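Inside the fold
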Amino acid sequence: MNKAERTRRFIIEQSAPIINKKGMAGTSLSDIMEATKLAKGGIYGNFESKDEICAESFLYLTETLAQQLDRAVLLGQNAKEKFSNLLNAYKGVKTEGGCPILNFGVEADDTHPAMKENVKKVIRAAQKRFFDILADGIEKNEISSDLDPKNFSIKVFAMIEGAILCGRVLESNDQMRIIINAIQHEFETYLI
């Protein structure tokens, strides 16, 4: 990694938590300058716009999250362990400012079409992570074919995102604990 790449990476690492917490519109260039201790020219010498910093920050945050979740899945030996590990990983994920998928998705919905497309891709990838575990489990006769992996994956992801939102607003992990337990219980009814 050359100096320019290291500087870009540094700007993203310092900016991403702020943008995730304050939002794209709520984060000023001054916030980014303060976090990085770089002058305006140092920022814009590496990025064309604040929108580019926001887009790169979203990718950084979601790639970091995906790596944590993927590591948890890899620790499982079968569908039951992989699915349970993934649920537990969601329970333990800590991102400053909350879930970037939710935060950026809500803000980009009507105002940033390119960001909205990025969020769509990440949502689909997150749902596919569940789907792959479930479909593989069905194929290996670990999970009943009565389970529709596509529908279950969509439902699980939506429930987890809802629990993340409620937990942040209510400042409690109770919603996440209840949702994870409910998902786990329903999942176990399909195990063979």
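Refer to the structure presented above.
This report concerns the structure included in the present document. Since the structure is predicted, the reported quantities are computational estimates derived from the model, not experimental observations. (Residues numbered from 1 in each chain as written. Predicted model: local features only at pLDDT ≥ 70, side-chain atom pairs only at ≥ 80, totals over all residues. Heavy atoms only, no water.)

1. So, the packing of helix H4 (residues 50–74) against helix H6 (residues 100–108)
Between H4 and H6, the shortest axis-to-axis distance is 10 Å and the interhelical angle comes to 150°. Here H6 runs roughly antiparallel to H4, going by the angle between their axes. Every pair of crossing elements has a handedness; the one defined by H4 and H6 is left-handed. Residues Cys54, Phe58, Leu61, Thr62 and Leu65 of H4 touch H6, and the partners they reach there are Pro100, Ile101 and Phe104. (Axes fitted to C-alpha atoms, helices over the stretch in contact; angles between N-to-C directions. Helix = DSSP H or I, 4+ residues; strand = E, 2+ residues; numbered from the N terminus. Parallel < 35°, antiparallel > 145°, perpendicular 65-115°, else oblique. Left-handed = near helix turned anticlockwise from the far one by under 90°. Contact = heavy atoms within 4.5 Å.)

2. Things to note about the layout of surface pockets
In this model, the largest pocket occupies a volume close to 400 Å³. Put simply, the parts of the chain that give the lining of the largest pocket at least two residues each are helix H5 (79–92), helix H8 (149–170) and helix H9 (174–188). Ranked by residues supplied to the lining of the largest pocket, first place goes to H8 with five residues. When the residues that make up the lining of the largest pocket are grouped by side-chain class, the tally is eight nonpolar, five polar and five charged. (1 Å grid on protein atoms, 1.4 Å probe; cavity = no way out; pocket = protein on both sides within 12 Å on 5 of 7 lines; lining within 4 Å. Points joined across faces, edges and corners; volume = space filled by probe spheres on them. Nonpolar A, V, L, I, M, F, W, Y, C, P; charged D, E, K, R; others polar.)

3. Comments concerning the packing of aromatic side chains
The tally for this structure, following the rule as stated, stands at six aromatic pairs. Centroid distance Tyr90 to Phe130: 5.8 Å. Interplanar angle 10°. Geometry classified as stacked. Of the two residues, Tyr90 is situated in helix H5 and Phe130 in helix H7 (residues 113–139); the sequence distance between them amounts to 40 residues. Among the residues examined, Tyr90 registers a relative accessible area of 6% and is labelled buried. What links up through ring pairs into an aromatic cluster is the set Phe83, Tyr90, Phe130, Phe152, Phe187 and Tyr190. (Phe/Tyr/Trp six-rings, centres within 6.5 Å; stacked < 30°, edge-to-face > 60°. Buried < 20%, exposed > 50% of the residue type's maximum accessible area, 1.4 Å probe, protein only.)

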